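The primary structure of each chain is shown beneath.
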Amino acid sequence: MKRSLFWRTYGVLLAALLITIAIFTGVLAASRRQGLQDSYEAEVRMQAREVAEYMANLQSLSYVQRNTTMRYVLLSKIKEIYRKYNADIWIVSYDSGTVQYLDSSWKTIESIATDAVKEQLSIIQTGQEIRKEGLFPELGDQIVTIGVPWLYDEDYVVGAVLLHIPMKDLHIGIRSVLRQILPMAALSLALGTVLAFFLARSQIRPIKEITGAVREFSKGDLTRRVNVRGAGELEELGDSINRMAEELSRLEDSRRSFVANVSHELRSPLTCMRGYVQAMQDGTIGAEDMPRYLGIVMDETNRLTDLVCDLLDLSRLESGKFPLTLAPFDMNELLRRNLINFEPRIDEKHIEVAAELGDAPLYVMADANRINQVVSNIIDNAIKFMNGPANRLTLRAEAAGKDVRVTILNNGEDIAQKDLPYIFERFYKADKAHTAGQGTGLGLSICQRIMKQHGSLITCRSGGGETAFEFTLPAAEAPSAPGSAGTAPET
Ligand SMILES: Nc1ncnc2c1ncn2[C@@H]1O[C@H](COP(=O)(O)OP(=O)(O)OP(=O)(O)O)[C@@H](O)[C@H]1O
Ligand SMILES: [Mg+2]
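Residues numbered from 1 in each chain as written. Chains lettered and ligands numbered in written order. Predicted model: local features only at pLDDT ≥ 70, side-chain atom pairs only at ≥ 80, totals over all residues. Heavy atoms only, no water.

## Concerning the pairing of strand E7 (residues 327-330)
Burial along E7 is two-sided: Ala327 and Phe329 and Pro328 and Asp330, pointing in opposite directions, are all buried. Across four bridges, E7 lies against strand E9 (residues 363-366) in antiparallel orientation. Paired with Pro328 across the two strands is Met365, which belongs to E9. (Buried < 20%, exposed > 50% of the residue type's maximum accessible area, 1.4 Å probe, protein only. Helix = DSSP H or I, 4+ residues; strand = E, 2+ residues; numbered from the N terminus. Pairing = 2+ DSSP bridges.)

Okay, structure coming up:
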């Protein structure tokens, strides 16, 4: 898999390189060939111009000189052109309106004066140069004729020099051009191949690093971190994987401590019960003490049942399998009912209760059973942890904009500031010395999850001998048919 990814990347890079070099070589060869062809044609045209210049110079010589020198100089030049360029030179004189052709061997040619030829000659007569293919069909249509004016006194056109060259001689073959370019292309390809190899390897390295880390994670080692730098999206992926590993190891820690806490909470009552039952069995506990110890065993059994129920609640809340049944209900009534339920314990501890609840109902939109669980947990805590001589519990419900705010206050020992951020965590018990044996530390974490499910928060402040828990719920209209959904749950 790793190998094939590398080779695939390398293959793609090589293919891209090959295509680029091929296109580049093709374009370069075509433009180079065109350039060479243009400059060769310009060179050929220059030969025709040189012959025209010779003609102009000879014009100034005497007749005899002209005849002898002309023959010698011109003929050798024309022969050289023929040899070098395979091009024939004709000299045309516009002599008193007639056109005279002299070929390279200085022989007068039968006047070839087709309309096309006449037209081109008249263009030259205006001082311009021409280039025409197949102008003289008798020479063959693969012949290019280049014509330049022969001037007298620099601006009077007395004739023309026509240069005939076969098209194939003007043509530069692509092969000769390629022969120049291909070594460079091959060198680029060789260099590119090496570079592509290193590039592919550097692209694969972060993936290898990530794969290695993930493999370690799957073996259970969550301490490994991915170290990918300067690889764009892969670096982002590496960072995400590191964050995931941190989250996983946090979850793993929390799972371990959860299992340890649960085992501990289960073991204590079980050990205690086994001790008492064994003592009753072997007669260490006499028949007269048995009811008392059976009562203790019963209490422990209740504690275990509560613990298991709490754990079940928590697991269902966390897995989201605890759907809310939202309906409007009167918060004041729910709080009053809770007070009634806790009355025996309130009386037992001589707690003074202040119910700051209005006479009018305060409807909220929430799941009454779940909110009842929250309220009873908080009141249970307040009663449990108030151990002063003058205990006071305050329940307050008030409208706050579109919400209803519920506050449950108690006096007594403060929760230490260092403990405050953690009291909503599972199994967290602040001030373990004072709270030992009083609970499992699950109550508030259940409350927080329930409020979270309602899209709300539960907060706690503690200081100056007062601890307050507060939460808000959206206010609701009174239910249309009282008693249908508007009653607080049975507790
Ligand atoms: N009203 C309060 N006054 C002082 N301390 C409190 C109060 N409410 C909560 N605490 C502290 O917060 C801790 C967590 O409370 P929580 O209700 O989650 O657990 P618990 O009451 O110990 O156990 P459980 O509710 O599961 O029986 C308590 O152990 C206690 O130390
Ligand atoms: Mg509690």
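## A short note on the nonpolar core
In this structure, Met331, Ile371, Leu393, Ile423, Ile458, Phe469 and Phe471 are the most contacted members of the largest nonpolar core, which totals 57 residues. Here this core takes eight residues from helix H10 (residues 368-385), the largest share from any one element. Looking at which domains feed residues into this core, each of domain 2 (222-322) and domain 3 (324-474) supplies at least three. Formed by 23 residues, the second largest nonpolar core is a distinct cluster that contains Met55, Leu74, Ile146 and Val158. (Core = buried A, V, L, I, M, F, W, Y, C linked by side-chain atoms within 4.5 Å. Domains from an automatic or database assignment.)

## Points about the sheet that holds strand E10 (residues 391-400)
Across the sheet, which stays open at both edges, the five strands sit in the order E8-E10-E11-E13-E12 with mixed pairing between neighbours. In this open sheet, the two strands that pair with only one neighbour each are strand E8 (351-356) and strand E12 (458-463). Strand-to-strand, the axes of this sheet are offset by a mean angle of 15°, without reference to chain direction. Here E12 runs beside strand E13 (residues 466-474); their pairing, made up of six bridges, is antiparallel. Within E13, the position partnered with Gly463 by the bridge is Glu466. Those strands touched by helix H8 (residues 331-341) are E8, E10, strand E11 (403-411) and E13, and its axis lies near 165° from that of E10. The strands touched by H10 are E8, E10, E11, E12 and E13; relative to E13, the strand with the most contacts, the crossing angle is about 175°. (Axes fitted to C-alpha atoms, helices over the stretch in contact; angles between N-to-C directions. Contact = heavy atoms within 4.5 Å.)

## A word on a nonpolar patch on the surface
Among the surface-exposed residues, Ile19, Ile23 and Val27 lie close enough to one another that they form a single nonpolar patch of about 300 Å² accessible area. Turning to its location among the elements, Val27 is positioned in helix H1 (residues 2-59). (Patch = residues over 30% accessible without salt bridge, like charges linked within 9 Å, V, L, I, M, F, W, Y side chains within 5 Å. Areas by Shrake-Rupley, 256 points an atom, 1.4 Å probe, with all protein chains shown as cover. Salt bridge = Lys/Arg side-chain N within 4 Å of Asp/Glu carboxyl O.)

## Topic: the domain arrangement of the chain
In terms of domain boundaries, the chain breaks down into domain 1 (2-174), domain 2 (222-322) and domain 3 (324-474). A separation of 107 Å is found between the C-alpha centroids of domain 1 and domain 3.

## Examining helix H12 (residues 443-453)
Given 3.6 residues per turn, any residue in an α-helix points the same way as the ones three and four places further on. Looking only at H12, the buried set comprises Gly443, Leu444, Ser445, Ile446, Cys447, Ile450 and Met451. Looking at the buried residues of H12, the elements they touch are helix H7 (290-319), H10, E12 and E13. Gly455 lies just past H12 and shows a positive phi near 75°.

## Things to note about the packing of H7 against H12
Running from N to C, H7 and H12 point in directions that differ by 30°, and their axes come no closer than 10 Å. Overall, the two elements H7 and H12 adopt an arrangement that is roughly parallel. Along this stretch, H7 crosses H12, giving a crossing that reads as left-handed. Within the contact between the two elements, H7 uses Asp310, Asp313, Leu314, Leu317 and Glu318 and H12 uses Ser445, Ile446, Arg449, Ile450 and Gln453. Looking at side-chain class alone, the contact of H7 with H12 contains four nonpolar, two polar and four charged residues. (Parallel < 35°, antiparallel > 145°, perpendicular 65-115°, else oblique. Left-handed = near helix turned anticlockwise from the far one by under 90°. Nonpolar A, V, L, I, M, F, W, Y, C, P; charged D, E, K, R; others polar.)

## Points about the site of ligand 1
Ligand 1 sits among 19 residues. The nearest are Asn381, Lys384, Gly441, Leu442 and Leu444. Between ligand 1 and the protein, one listed contact pairs an oxygen atom with a backbone N or O atom of Gly441 at 2.8 Å. Contact with the protein chains covers 94% of the free accessible surface of ligand 1, which is 590 Å². A per-element tally of the shell around ligand 1 places H10 first, with four residues. Considered class by class, the residues forming the shell around ligand 1 number nine nonpolar, eight polar and two charged. (Near = heavy atom within 4 Å. Polar contact = N/O pair within 3.5 Å; in protein donor to acceptor, adjacent residues only side chain to side chain.)

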